[in-house]
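If you want the building blocks of each chain, they are given just below.
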Amino acid sequence: MEISGSGAEQRQAWDEEHAPRLMEAQRRQQDGVLSHAQFATGGVTRADLIRMQRRKEIVRVHPRVYVDHTGPLTWHQRAWAAVLYAGSAYVCGPSVEAPRVEKPLLPGMIPDPVHVAIDQTRRVMPQPGIVIHRLTNLETHAYGGVPPRLRLEDNAMLMAHEASSEIDAIASLADVAGRTYVTPGSLRGALSRFPSLRRRAWIAKILDDLESGTNSVLEHGYLRKVERAHGLPQAERQTVRATPEGSQFRDVEYAAYGLVVELDGALGHDTWRTQARDADRVLDDLAATGTVTARLRWHQVFDTPCRTAQRIARVLASRGWAGTPAPCGDDCLVVREPQETESRVA
């Protein structure tokens, strides 16, 4: 096509020929979701939009955001609608990745909200189905993707920052630590982009352990939350045992009672919750049979320390400990143990 005339005329001619094609390409890439600005750039007028809505060719999802059908929205369509509504935004938090299996919504069901991150300097009016997070220097945390999202490592730090408990903060790291392309170094890089992160020094120590293969954070958690908080006997730490393969170190050893506690701080997206359940079953067997080695993980130390102390105390008692575990507070499980025992006897 030969274009002549002034620069403005040439630009207008180019827009008239190519803008609708670009808009259609955007519509396909965005799973049928377009913003008002994208429609306008494609040459669609306000009157056109009103007519298209009346004919049900498009449906309004959020203010100035539309989808090209009348049925239920898929996860990708809801994510695109949230990103386009919030402007310069990235999916984040529990929404950072699409569900592996998307279940169809039944009548009356409300889908989970889509979480999106915007820059700290911006303000966006809340909308049903969207959760807004604000980040300083947003672009430094961002990854491309379709729809655009935060880097997985940066998203893990965001979720750790917003976590209500230590175990939830650990869970955010566990969700990404097992990925082949996520390394302790990339997690440390994400940490450096969050100078005001809650529990920052503690998370840095977890990354140190992850990088070096040690379990110092987990070991300190056991000492503080399980052993000392519940009045268990003082154990020896990192005792050496000679084996045919060389020297081995025992994390926690109650030598007088023949009990060793091994602490496993491995993190992994697919396995760590399963490992926690397995460790629970092993510890139950331990309490019942007097097996001399217990393997504990993050779940037992940071999520259920009172329950763990209660069962460790039973094992110690079965092996000669004459002491009594102390409750760490008014809601401690150790307080209720005598009543539960009397109920079982009755």
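A quick note: this is a predicted structure, and the numbers were derived from the prediction, not measured.

### Points about the overall build of the chain
In step 1: What the chain contains, in helices and strands, is 13 helices and 12 strands.
In step 2: The 346 residues of the chain split such that 42% are buried.
In step 3: For the chain, contacts bridging at least 24 residues in sequence account for 57% of all contacts bridging at least 6.
In step 4: When the accessible area of the chain is evaluated, it comes to approximately 18,800 Å², of which 52% is carbon and sulfur surface.

### Brief notes about the pattern of salt bridges
In step 1: Per the counting criterion, the structure on display carries 14 salt bridges.
In step 2: One salt bridge connects arginine 51 with aspartate 48, and the closest N-O pair in it is separated by 2.7 Å. Of this pair, arginine 51 and aspartate 48 both sit in helix α3 (residues 46-54), separated by 3 residues, roughly a single helical turn.
In step 3: Classification of arginine 51 by relative accessible area gives partly exposed; the value is 28%.
In step 4: For arginine 297, the salt bridge is made with aspartate 264, and the minimal N-O distance between the two is 3.4 Å. Remark: aspartate 264 occurs in the loop between β11 (259-263) and α10 (272-289) and arginine 297 occurs in the loop between β12 (293-296) and α11 (298-303); sequence separation between them is 33 residues. By the burial criterion, arginine 297 is buried, and aspartate 264 matches it.

### Observations regarding the side chain of serine 172
In step 1: Note on placement: serine 172 falls in helix α6 (residues 166-177).
In step 2: According to the relative accessible area criterion, serine 172 is buried, its value standing at 4%.
In step 3: At 3.2 Å, the side chain of serine 172 and the backbone oxygen of alanine 156 are in polar contact.
In step 4: Residues in contact with serine 172, not counting those within four places in the same chain, are Ala156, Met159 and Ala160.

### Things to note about helix α7 (residues 184-192)
In step 1: Among all positions in α7, only Leu187, Ala190 and Leu191 are buried. Seen along its axis, α7 keeps its buried residues to an arc of 105°; they face one direction.
In step 2: Buried residues in α7 make contact with α5 (152-162), α6 and α8 (200-212).

### Examining the nonpolar core
In step 1: With 56 residues, the main nonpolar core has Met157, Tyr222, Leu232, Tyr254, Val261, Trp298 and Phe302 as its most contacted residues.
In step 2: Here this core takes 7 residues from α6, the largest share from any one element.
In step 3: With residues up to four places along the chain from it excluded, the contact list for methionine 157 reads Leu173, Leu187, Ala190, Leu191, Phe194, Leu197, Ile203 and Leu207.
In step 4: With 19 residues, the next largest nonpolar core counts Trp80, Ala82, Ala86 and Ala89 among its residues.

### Digging into a nonpolar patch on the surface
In step 1: Taken together, Leu105, Leu106 and Met109 make up a surface patch of nonpolar side chains, about 280 Å² in accessible area.
In step 2: Take leucine 106: it is sitting in the loop between β4 (90-91) and β5 (114-119).
In step 3: Note on leucine 106: relative accessible area 54%, which makes it exposed.

### Structural notes on the pairing of β12
In step 1: Only one face of β12 is buried: it carries Ala294 and Leu296, and the other face, with Thr293 and Arg295, is open.
In step 2: For β11 and β12, the ladder comprises 4 bridges, and the chain directions are parallel. Counted as the bridge partner of valine 260 is threonine 293 from β12.

Basis of the calculations
Residues numbered from 1 in each chain as written. Predicted model: local features only at pLDDT ≥ 70, side-chain atom pairs only at ≥ 80, totals over all residues. Heavy atoms only, no water. Helix = DSSP H or I, 4+ residues; strand = E, 2+ residues; numbered from the N terminus. Buried < 20%, exposed > 50% of the residue type's maximum accessible area, 1.4 Å probe, protein only. Contact = heavy atoms within 4.5 Å. Areas by Shrake-Rupley, 256 points an atom, 1.4 Å probe, with all protein chains shown as cover. Salt bridge = Lys/Arg side-chain N within 4 Å of Asp/Glu carboxyl O. Polar contact = N/O pair within 3.5 Å; in protein donor to acceptor, adjacent residues only side chain to side chain. Arc of directions from axis to C-beta. Core = buried A, V, L, I, M, F, W, Y, C linked by side-chain atoms within 4.5 Å. Patch = residues over 30% accessible without salt bridge, like charges linked within 9 Å, V, L, I, M, F, W, Y side chains within 5 Å. Pairing = 2+ DSSP bridges.

Function cannot be inferred from these measures alone, as they are strictly geometric.
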